[in-house]
Amino acid sequence: MQIFYVPDLIRDNNCLNEAESHHAIKVMRLQNGDKINLVDGKGTFYKAIISDAHPKHTQIEIEETLPAFEKRPYELHIAISPLKNTDRFEWFLEKATEIGIDRITPIICKRTEKKGFNAERAHRIVESAMKQSLKAYCPVIDAPIPFTEFMKQENNDVKLIAYCEGERKPINEVYTPTQNTTILIGPEGDFTEEEVETGKHKGYIPITLGNSRLRTETAGIVACHSVFYINNFVG
């Protein structure tokens, strides 16, 4: 199933943007009358038909609208340190989107080696992963924020912080299905003791993701999949 991304779909002026039009007409060779599927990244799935196959602004007619398409019963927010290796961070973005995540916040910790990332490219990656995995929700990617500033934010999620040493609990002991959760994943070199204590003071529960020492991007994926697994196969 090929899915096209239409974040600003308007019923009276249904048109694919130039990039999606080019892919539909020049790459896939679609024509007038062909049926296509669309998502808006906000949860709505559309079934449509091509009415004017133009390589720059393909016109479509909506035949069916499916709101809240396969909406999960929980929301997942992962705050994770950017990585020195851009490819590894982008791999995390792609795979987390495929598994299911709502928000990603890059947090700048004391041991973070790279302070930023290519936001435009990151958004293209999660949009592509959303379409490839047949999802209608596109994760929000925040601008990088210092760890100390992130700690000032309040939310009602189950708040978890994953790190390598000290007293911690398995994620399945502190998280139950359908709960919204925010999970902190530290940089290469892990959170500092001060950051861990700050997190605990702010209500973040220390968790372990297993006995192995995981890379940052792997820890992010394990956390993401653990929440997915608990919601789909536990209880």
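Before reading further, recall that the structure is shown in the block above.
Read on for a plain summary of the structure. In this numbering scheme, every chain counts its residues from 1 along its sequence in written order. The predicted origin of the model limits local features to residues at a pLDDT of at least 70 and limits the giving and counting of side-chain atom pairs to 80 or more, whereas totals for whole chains, interfaces and linings rest on all residues. The side-chain numbers reported here are obtained from all heavy atoms of the structure, hydrogens and water having been left aside.

A closer look at the packing of helix 2 (residues 86-99) against helix 7 (residues 216-233)
Okay, step 1: For every element, the axis is a line fit to its C-alpha atoms; helices are fit only across the contacting stretch, and the angle between N-to-C directions ranges from 0 to 180 degrees. Only runs of H or I of at least four residues qualify as helices and only runs of E of at least two qualify as strands under DSSP, and these elements are numbered from the N terminus. Their axes nearest at 9 Å, the elements helix 2 and helix 7 cross at an angle of 5°. Between helix 2 and helix 7, the angle falls in the class roughly parallel. Contact residues: helix 2 offers Arg88, Trp91, Phe92, Lys95, Ala96 and Ile99, while helix 7 offers Glu217, Thr218, Gly220, Ile221, Cys224, His225 and Phe228.
Okay, step 2: Residues of the contact of helix 2 with helix 7, tallied by class, amount to 7 nonpolar, 3 polar and 3 charged. Should an angle fall under 35 degrees it is taken as roughly parallel, and over 145 as roughly antiparallel, whereas 65 to 115 is taken as roughly perpendicular and any remaining angle as oblique. Note on contacts: a residue pair qualifies if any of its non-hydrogen atoms lie within 4.5 Å across the two residues. Residues are grouped as follows: Ala, Val, Leu, Ile, Met, Phe, Trp, Tyr, Cys and Pro are nonpolar; Asp, Glu, Lys and Arg are charged; every other residue, Gly included, is polar.

A look at the state of the cysteines
Okay, step 1: Throughout, disulfides are identified as pairs of cysteine sulfur atoms within 2.5 Å of each other. Under the counting rule described, the total for this entry stands at 0 disulfides.
Okay, step 2: There is no disulfide at Cys15, and the cysteine sulfur nearest it, in Cys138, is 20 Å away.
Okay, step 3: In this model Cys109 remains outside any disulfide bridge; the closest cysteine sulfur is found in Cys164, 13 Å from its own.
Okay, step 4: Buried means the residue's accessible area, taken with a 1.4 Å probe over protein chains only, is under 20% of the maximum for its type, while exposed means over 50%, and partly exposed covers the values in between. Cys109 gets classed as buried once you look at its relative accessible area, which sits at 4%.

Structural notes on unusual backbone geometry
Okay, step 1: We note that Ala68 has phi near 50°; this positive angle belongs to a residue other than glycine.
Okay, step 2: Within the element layout of this structure, Ala68 appears in the loop between strand 4 (59-66) and strand 5 (76-80).

Some thoughts on the sheet that holds strand 3 (residues 45-52)
Two orientations exist for strands paired in a sheet by backbone hydrogen bonds: parallel and antiparallel.
Okay, step 1: Two strands are counted as paired when DSSP detects at least two bridges linking them. Taken in spatial order, the 4 strands make up an open sheet running 1-2-3-4, and their pairing is mixed. At either end of the open sheet lies a strand with only one pairing partner, and these are strand 1 (3-5) and strand 4. Each strand of the sheet is rotated relative to its neighbour by a mean of 40°, with strand direction disregarded.
Okay, step 2: Pairing between strand 1 and strand 2 (residues 35-39): 3 bridges, direction parallel.

Some points on the environment of Ala219
Okay, step 1: With respect to the helices, strands and loops of the structure, Ala219 is situated in helix 7.
Okay, step 2: Sequence-wise, Ala219 and Ala119 are 100 residues apart; in three dimensions their C-alpha atoms are separated by 21 Å.
Okay, step 3: With residues near it in sequence (within four places) discarded, Ala219 still touches Ile185, Leu209 and Leu214.

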